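Take a look at the letters that make up each chain.
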Amino acid sequence: MMSSVFLFLLLLNLLPHLCTSEEDRDDERHIYIVNYTGRPISVAWIHPKTRIREIQHDEPHLPNGQTLSRNSFIKHEFEITEFPSTRTNLCLDGGTEMCRKESFTMDDRQNQVVYMRAGFVLEHTVVEVSPTQMREWLGALAVIFQTTLLLMWVKFKKKGKHKIKIKYRPPPPPLNRKKKKEE
């Protein structure tokens, strides 16, 4: 289920890039970097002349399960570094203080995706979608959206209410609470 949601969101983000012509983009490419390492990572673009690394995310790191989306260009190089544990300040590569690093270079393919997997394995691939598939998916998405809106409208009209009420339920108390002894 989670992978189908990710694919759906990825395709939704790719729509502007898939709908433009090849001539409009020259050597510009879109890249998604997906962190499935189980740990936070850092993503840096390496300047081609100075070799200075420029971090590509606003937060101090890219958390596990998150995706970074960027526009870049052919032959741009990126480096992905394992982020050390905040508790031990060590990385998982055998207990040393050196964190693992992987790098990749943007190639001429459109809609590139880099998966960082458990064990710090880098997989550089693309999302290939034909125009026919895209039209079919967009048509199905439009039908789902219209049906959902119609069902919400019917449910709203059936209740005859003009105001939407949001019910708030407080979270349950923590299970590990220890009762204080009365003196």
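Up top you'll find the structure we're talking about.
Residues numbered from 1 in each chain as written. Predicted model: local features only at pLDDT ≥ 70, side-chain atom pairs only at ≥ 80, totals over all residues. Heavy atoms only, no water.

Turning next to the sheet that holds strand 2 (residues 41-46). Within the open sheet, the four strands sit side by side as 3-2-5-6. Their pairing is antiparallel. Across the chains shown, the open sheet's two edge strands, defined by having one partner strand only, are strand 3 (53-55) and strand 6 (101-105). Neighbour to neighbour, the strand axes of the sheet diverge by 30° on average, direction disregarded. Looking at chain direction, strand 2 and strand 3 are connected through three bridges and run antiparallel. Bridge assignment links Trp-45 to a residue of strand 3, and that residue is Glu-54. (Pairing = 2+ DSSP bridges. Helix = DSSP H or I, 4+ residues; strand = E, 2+ residues; numbered from the N terminus. Axes fitted to C-alpha atoms, helices over the stretch in contact; angles between N-to-C directions.)

What follows covers the nonpolar core. Core analysis: the largest hydrophobic core is formed by 14 residues, its most contacted members being Ile-33, Ile-41, Val-43, Ile-80 and Phe-104. Looking at this core, the elements with two or more residues in it are strand 1 (28-36), strand 2, strand 5 (77-82) and strand 7 (112-117). Among all residues touching Ile-33, those that are not within four sequence positions of it are Val-43, Leu-62, Gln-66, Thr-67, Leu-68, Ile-80, Phe-104 and Val-114. (Core = buried A, V, L, I, M, F, W, Y, C linked by side-chain atoms within 4.5 Å. Buried < 20%, exposed > 50% of the residue type's maximum accessible area, 1.4 Å probe, protein only. Contact = heavy atoms within 4.5 Å.)

Let us now look at a nonpolar patch on the surface. Side chains of Phe-145, Leu-149 and Met-152 sit close together on the surface and give an oily, nonpolar patch of about 330 Å² of accessible area. The residue Phe-145 is located in helix 3 (residues 131-159) in this model. According to the relative accessible area criterion, Phe-145 is exposed, its value standing at 53%. (Patch = residues over 30% accessible without salt bridge, like charges linked within 9 Å, V, L, I, M, F, W, Y side chains within 5 Å. Areas by Shrake-Rupley, 256 points an atom, 1.4 Å probe, with all protein chains shown as cover. Salt bridge = Lys/Arg side-chain N within 4 Å of Asp/Glu carboxyl O.)

As a further point, take the packing of aromatic side chains. Evaluated as defined, the whole model comprises two aromatic pairs. An angle of 15° between the planes, with centres 5.3 Å apart, marks the rings of Phe-78 and Phe-104 as stacked. In this pair, Phe-78 is assigned in strand 5 and Phe-104 in strand 6, connecting sequence segments 26 residues apart. We note that Phe-78, like Phe-104, is buried. Sitting above the plane of the Tyr-115 ring, Arg-117 keeps its charged end 4.5 Å from the centroid. (Phe/Tyr/Trp six-rings, centres within 6.5 Å; stacked < 30°, edge-to-face > 60°. Lys NZ or Arg CZ within 6 Å of the ring centre and 35° of its normal.)

On to the pairing of strand 2, then. Among the six residues in strand 2, six count as buried, and that is most of the element. Sheet analysis places strand 2 next to strand 5, joined by six bridges and oriented antiparallel. Bridge pairing in strand 5 links Trp-45 to Phe-78. Hairpin connection of strand 2 to strand 3: six residues between the antiparallel strands, including Arg-51 at a positive phi of 65°.

With that out of the way, let us pick up the side chain of Glu-79. Tracing the backbone shows Glu-79 in strand 5. The exposure class assigned to Glu-79 is buried, which follows from its relative accessible area of 10%. A polar contact of 2.9 Å, which involves the side chain of Glu-79, links it to the side chain of Arg-53. (Polar contact = N/O pair within 3.5 Å; in protein donor to acceptor, adjacent residues only side chain to side chain.)

This part takes up unusual backbone geometry. Even without being glycine, Asn-111 reaches a positive phi, approximately 55°. Counting through the fold element by element, Asn-111 comes out in the loop between strand 6 and strand 7. Take Asn-111: its relative accessible area is 4%, and that puts it in the buried class. Despite not being glycine, Phe-120 shows a phi value in the positive range, around 60°. Mapped onto the secondary structure, Phe-120 falls in the loop between strand 7 and strand 8 (121-126).

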